[in-house]
Amino acid sequence: MAFTFAAFCYMLALLLTAALIFFAIWHIIAFDELKTDYKNPIDQCNTLNPTVEKVKKIKRVKIALKLVLPEYLIHFFFCVMFFCAAEWLTLFLNLPLLAYHVWRYMSRPVMSCPGLYDPTTIMNADILAYCQKEGWCKLAFYLLSFFYYLYGYVNVSSD
Amino acid sequence: MSAPGYTNRSSSASFGQNSPANGGAAPPFQNGETGRIMVRFCLSHPLASPAPPPSSSAQYSHQPFQQTPYAPPGSYYVQQSCQTSLPQTQPQTQTQPQPQPTLVPAPAAGPGAPLYPIVSYPSAHGCSQYGTLSSLQNPSTPGVTQIAAPLHHYNTAPPPCATGVQPGYAAGSAGQTAPTVNGQGGAGTSEVLAVSIEIQLNCGETSSSTTGSASPAPNSYDSLEGGSFPGGPPSHFTKNTQVRKNVTELICAFDPLPSLQPFPNLSQLSAALGGLSGVPELEVEALRPVNLLQERNLLPQRPQEAPEPNLSPDLKKVNCSPQTFRCTLTSIPQTQALLNKARLPLGLLLHPFRDLQQLPVITSNTIVRCRSCRTYINPFVTFLDQHRWKCNLCYRVNDVPDEFMYNPVSRSYGEPHMRPEVQNSTVEFIASSDYMLRPPQPAVYLFVLDVSHNAVEAGYLKVFCDSLLENLDKMPGDSRTRVGFLTFDSTVHFYNLQEGLSQPQMLVVSDIDDVFIPSHDSLMVNLKESRELVKDLLTSLPAMFSQSRETHSALGPALQAAFKLMSPTGGRVSVFQTQLPSLGAGKLQSREDPNQRSSTKGVQHLGPATDFYKKLALDCSGQQIGVDLFLLSSQYADLASLACVSKYSAGSIFYYPSFHHVHNPAQLQKLQKDLERYFTRKIGFEAVMRIRCTKGLSIHTFHGNFFVRSTDLLSLANVNPDSAFAVQVSIEDSLADSSLACFQAALLYTSSKGKRRIRVHTLCLPVVNQLSDVYAGADVQAITCLLANMG
């Protein structure tokens, strides 16, 4: 079992993909909670819950901002690593996602802090639906890539 | 929304008598030719009066009315000359010819019967238009009021052929007219116009005898429209030719749009008609272009009525007023597929805090609400028996609480359906402490004024101070009302107005990077106690800064100071700004290139340049502070960025481009009027609004000035009688098993007197599954309003 740089890359990618899966799940949960806010069960006071929720929501959006950049950076780090390890197939599979991340970041709403989500427009149903779909797609992609890296690791380290 | 077609008939005779007077009144036009036609037309009324109207043959007496809609646009000039009479007549929309101060239509003014046929189709509201015409005619100058209605009639798809007397026949003909309209409706205004022309021709055809009559005209109509339906009774034929000719003349005269957008049918029409009747003026009229820069009064003077939903009379009687709550389609399509086929937007327009003449206020210990969806009880619920009711939004069966069984109005027991909550669709509840997060706040008003050199030049300060002095007592509030003032140029100035001081003290904070509140707590003072000081300040304020040479404007720091001042209580901040903010946080660059103003690339810079104001607005909204912006600048002031501060904090934006107190008297007057309304209108604080709809419908986009806190919960820091909202609705599940769709808007607010109230509006609409019914119930004004907000 040769411990090459490529094997090391795959190992690291495996571990970091676990983190990415975690981010994707958090992303999904955050948007689902935003979406189902109105389905709060019987609340006596119209203002009490929403005030708390509203603070939470803004905070949640800020957390999302904190989630978004690390995710993009980690993924960018993967791509660089695979480039260095000359694993071209893996690199090509990750390039579309990298391009998508770049596009998403460039076309974000005007804001002073780095982030993607604007609290005033996020409750629009179309944006909310888009974000949810994005979350699910990313989760699927990261899961698949997790197993792909696992296979790749075994493959490379048994060469 | 009652249709006083009934009153028409009774006064039709008087109309006929008035028509010569109309002819006499008509001539003073600026547009000679149309005037001529108008005169001719009016004079022909007595002749044509027994002839059948374009649609229903039985409504002979309505004939004169129906002819008036085809009055040419030039007729509006008559209105200008007789302007004095019109405004007073406008409020008298649907009542008997006695002036009534309110716009509330007399719900049961006319007998019940004529309401019924008028229910069905949009043409019904045409009938009511005629009703208004006739009733208005008697007290005022006849010629004026006749002309008012027709133009917008024409512009809307529904044919002005009134149904009415004979329900069966009328419904039939109107039903047949509707599909032809609807089949082509929706694409562009000129198309709509052309279509309505065709419809009127259709009506013309029905009224007259059908093809094969002596006049060659019907044949051409047939070929033009391609769709004919059984004509009316062949009697009164000779009169018909006269009528029809007049009708067609005016139709052709009245096509402003084809000059803008060539529409083949219209030109064919005019050519055919021009050749047919052989009247030389007709050809000229048919191709008369309309110069929009000269003929500016193309729109109707009187507000157009909304179409009535197709409901049973007792439901219609209690349905929400369309001035308050309006849907773009008064018949909701059953499925999303049908809605997509109709290619019309489905949405609601609300005006929840509108000034109302009568508002039932319920003081009850328990507010009856559905257990699952929390809908307030409304007139459209069904009572299964005396003790259970079924929610009309989620279909859940609830119990009627015992205290609800007692009806305080009639002092009777055991009739829950007679209670005022169930008899009125707009009610106001007095909210208990469950609905309060904190004790209701007092009315707090803060005025943030720009006093830079630019502002002194513009001269708004005197106008503001005079207006406020005049209206200081009329501002909504009670004994707890507080006011404060903040002025800023390159520094921020606070005013200590504590009672007991001989004159107001000014405190200047020049550290604009980190604005702090000078440690006086009397910067926001009780109005009653410090009234004299406030008045002193207002009288001396314009003079204080008349020699100012400061050119910078530190709006951002001033707003931050305002936020800090108002955070403990919430309230309303009124910001007056006359230039681009150039100092401190939130300073903006002049990003407009004047050379690009007329570029063909499209308008740029429509979005905010920075999100400082948006963030500030969100913070303000969280503290229940509403920020209203008055922008009085003569140069580029980046309203796109500044407006965010009002948009998300539920404030209002007033814009006066190139304001100057001497050189621009129009804007000065506008400011004075706006200020008077602004200071004296009602206000609600710390409000939230929730819109609920029947199961199967859901709201997906909101338009207006507010912050969407949750999927259908809008957070409004301030709500005022002029604030209106639009939402878009989508149909998620098929509504096949329900015949009625309901919407409920509930606004929870604190009144200016510190009382917590809930205003509930409920709207009920029928559900249809035919495309033609969807088009028949389309409310063009509402659709236009929604489209203007979308995108």
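Just so you know, these numbers come straight off a predicted model, no measurement behind them. Sequence order sets the numbering: in each chain, residues are counted from 1 along the sequence as written. Chain A is the first chain written and ligand 1 is the first ligand written, with later ones labelled in order. Per-residue local features are limited, in this predicted model, to residues with pLDDT of at least 70; the limit for side-chain atom pairs, both in listing and counting, is 80 or more; totals at the level of whole chains, interfaces and linings are taken over all residues. The side-chain numbers reported here are obtained from all heavy atoms of the structure, hydrogens and water having been left aside.

Chemist: Which residues make up the sheet that holds strand β7 (residues 397-399) of chain B, and what values do they have?
Modeler: All names here are of chain B. At least two bridges found by DSSP between two strands is the condition for calling them paired. Under the DSSP-based scheme used, a helix requires at least four consecutive residues in state H or I and a strand at least two consecutive residues in state E, with every element numbered from the N terminus. Reading across the sheet, the three strands line up as β5-β6-β7 and stay open at both edges, with antiparallel pairing between neighbours. Since the sheet does not close on itself, it has two edges, and those belong to β5 (382-385) and β7, each with one partner. The average angle at which neighbouring strand axes cross in this sheet is 35°, direction not considered. Two elements, β5 and strand β6 (residues 388-390), share three bridges in a ladder whose sense is antiparallel. Bridge pairing in β6 links D385 to R388. Throughout, an axis means a line fitted to C-alpha atoms (over the contacting stretch in the case of helices), and angles, computed between N-to-C directions, take values from 0 to 180 degrees.

Chemist: Any details on helix α28 (residues 780-789) of chain B? Residues and values, ideally.
Modeler: Residue and element names in this part refer to chain B. Relative accessibility under 20% of the residue-type maximum defines a buried residue, over 50% an exposed one, and the middle range a partly exposed one, all with a 1.4 Å probe and only protein chains included. Looking at α28, one finds that the buried residues are A782, I783 and L786. Relative to the axis of α28, the buried residues are bounded by an arc of 100° and lie together on one face. Buried residues in α28 make contact with β1 (325-327), β3 (347-350), β20 (697-703) and β23 (725-731). Positioned one or two residues after α28, G791 has a phi angle of 70°, which is positive. Summarising the geometry, the arc corresponds to the directions from the helix axis toward the C-beta atoms. Should any heavy atoms of two residues lie within 4.5 Å, those residues are considered in contact.

Chemist: Before we move on, could you go through the sheet that holds β1 of chain B and cite the residues and values that matter?
Modeler: By definition, the strands of a sheet pair up through backbone hydrogen bonds, in either a parallel or an antiparallel sense. Residue and element names in this part refer to chain B. Spatially, four strands are ordered β1-β3-β23-β20 in an open sheet, and the strand pairing comes out antiparallel. Every other strand in the sheet has two partners, leaving β1 and β20 as the edge strands with one partner each. This sheet shows a mean twist of 25° between the axes of neighbouring strands, independent of strand direction. With three bridges connecting them, β1 and β3 associate as antiparallel partners. Within the sheet, the bridge partner assigned to R326 lies in β3 and is L349.

Chemist: For the confidence of the model for chain A, give the residues involved together with the corresponding values.
Modeler: All names here are of chain A. Confidence scores here are pLDDT values: one per residue, from the predictor, ranging 0 to 100. Here chain A averages 76 in pLDDT, while 76% of its residues score no lower than 70. Mean pLDDT across the secondary structure elements of chain A bottoms out at helix α2 (residues 48-84), with 66, and peaks at helix α3 (residues 88-106), with 90. Predicted confidence is poor over residues 38-56, with pLDDT under 50, and the contacts of this stretch with residues over four places away or in other chains come to 35 contacts.

Chemist: Describe in detail the packing of helix α22 (residues 555-566) of chain B against helix α23 (residues 612-622) of chain B, supporting the description with residues and values.
Modeler: Residues and elements named next belong to chain B. With their axes 11 Å apart at the nearest point, α22 and α23 run at an angle of 10° to one another. The orientation of α22 with respect to α23, classified from their angle, is roughly parallel. For the pair α22 and α23, the contacting residues are L555, G556, L559, Q560 and F563 in the first and F612, Y613, L616, D619 and C620 in the second. Think of it as three bins: nonpolar holds Ala, Val, Leu, Ile, Met, Phe, Trp, Tyr, Cys and Pro, charged holds Asp, Glu, Lys and Arg, and polar takes everything else, Gly as well. Residues belonging to the contact of α22 with α23 are distributed by class as follows: seven nonpolar, two polar and one charged. Here roughly perpendicular refers to angles of 65 to 115 degrees, roughly parallel to angles under 35, roughly antiparallel to angles over 145, and oblique to all remaining angles.

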